[in-house]
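Architecture and fold: a report
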Amino acid sequence: MSDEVWIDERTEGDRPCPVCGNRMHIERKDQVSIDVCAEHGIWLDSGELGKIVSATRRSGRRKQRTAMKEARRKGKIQGSLWGFWSLLWD
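Description of the structure in this document. Worth saying up front: this structure is predicted, and the values here are computed from it rather than measured. Throughout this description, residue numbers start from 1 for each chain and increase along the sequence as written. In view of the model being predicted, local features appear only for residues whose pLDDT reaches at least 70, and side-chain atom pairs are presented and counted only at 80 or more, with totals across whole chains, interfaces and linings using the full set of residues. To get the side-chain values, all heavy atoms of the structure are used, and hydrogens and water are removed first.

1. Details of the side chain of Glu27
Rule in force here: Secondary structure counts use DSSP, requiring at least four H or I residues in a row for a helix and at least two E residues in a row for a strand, with both numbered from the N terminus. Summary of the burial criterion: residues with accessible area below 20% of their type's maximum are buried, those above 50% are exposed, and those between are partly exposed, where the area comes from a 1.4 Å probe applied to protein chains only. Contacts described as polar in this section are N or O atom pairs within 3.5 Å, which, within protein, must combine one atom able to donate a hydrogen with one able to accept it, while residues neighboring in sequence count only if both atoms come from side chains.
In this fold, Glu27 is placed in strand 2 (residues 23–29). Since its relative accessible area comes to 16%, Glu27 is described here as buried. Of the polar contacts made by the side chain of Glu27, one reaches the side chain of His25; its length is 3.1 Å.

2. Some details on the pattern of salt bridges
Selection rule: Salt bridges are defined by distance alone: a side-chain nitrogen of Lys or Arg within 4 Å of a carboxyl oxygen of Asp or Glu.
Throughout the structure, instances matching the rule amount to 4 salt bridges. Residue Arg10 pairs with Glu27 through a salt bridge whose shortest N-O separation is 3.7 Å. Taken as a pair, Arg10 in strand 1 (residues 9–16) and Glu27 in strand 2 lie far apart in primary sequence, 17 residues in all. Its salt-bridge partner being Glu12, residue Arg23 comes within 3.7 Å of it at the nearest N-O pair. With Arg23 in strand 2 and Glu12 in strand 1, this pair connects stretches of sequence that are 11 residues apart. A relative accessible area of 55% places Glu12 in the exposed class. Taken together, the shared-partner salt bridges connect Arg15, Asp35 and Asp45 into one network.

3. Comments concerning the pairing of strand 1
Rules: Strands qualify as paired when DSSP identifies two bridges or more between them.
The pairing of strand 1 with strand 2 spans 5 bridges and is classified as antiparallel. Directly across from Glu9, in strand 2, lies its bridge partner Arg28. Here strand 1 hands over to strand 2 after 6 residues, with Gly21 in that stretch at a positive phi of 85°.

4. Comments concerning the sheet that holds strand 4 (residues 41–43)
Our working rule: Every axis in this analysis is a line fitted to C-alpha atoms, fitted for helices over the stretch in contact. Angles between the N-to-C directions lie between 0 and 180 degrees.
The strand order across the open sheet built from 4 strands is 1-2-3-4, with neighbouring strands paired in antiparallel fashion. With one partner strand each, in any of the chains shown, strand 1 and strand 4 form the two edges of the open sheet. Each neighbouring strand pair of the sheet contributes to a mean axis angle of 40°, computed without reference to strand direction.

Purely geometric numbers; function is a separate question.
Shown next, in the form of structure tokens:
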């Protein structure tokens, strides 16, 4: 995946890692909080996976809409330029 995931906020948590017992930190992105152990990865509470999937889909749709608007804008500019030159040289 070329896009990097940027965390909005990272704080110290108070939950221990289920594997090693070290205190995990909390990472928040798009109003979803996950517990992270530096050694053993992420731990999700009930319902958090669904929230992550929904946030990812929203982000993908937003990027798609932005790309479509940009393509339309470029197409209008190119079409205008082509139309102008075709009037001069037809």
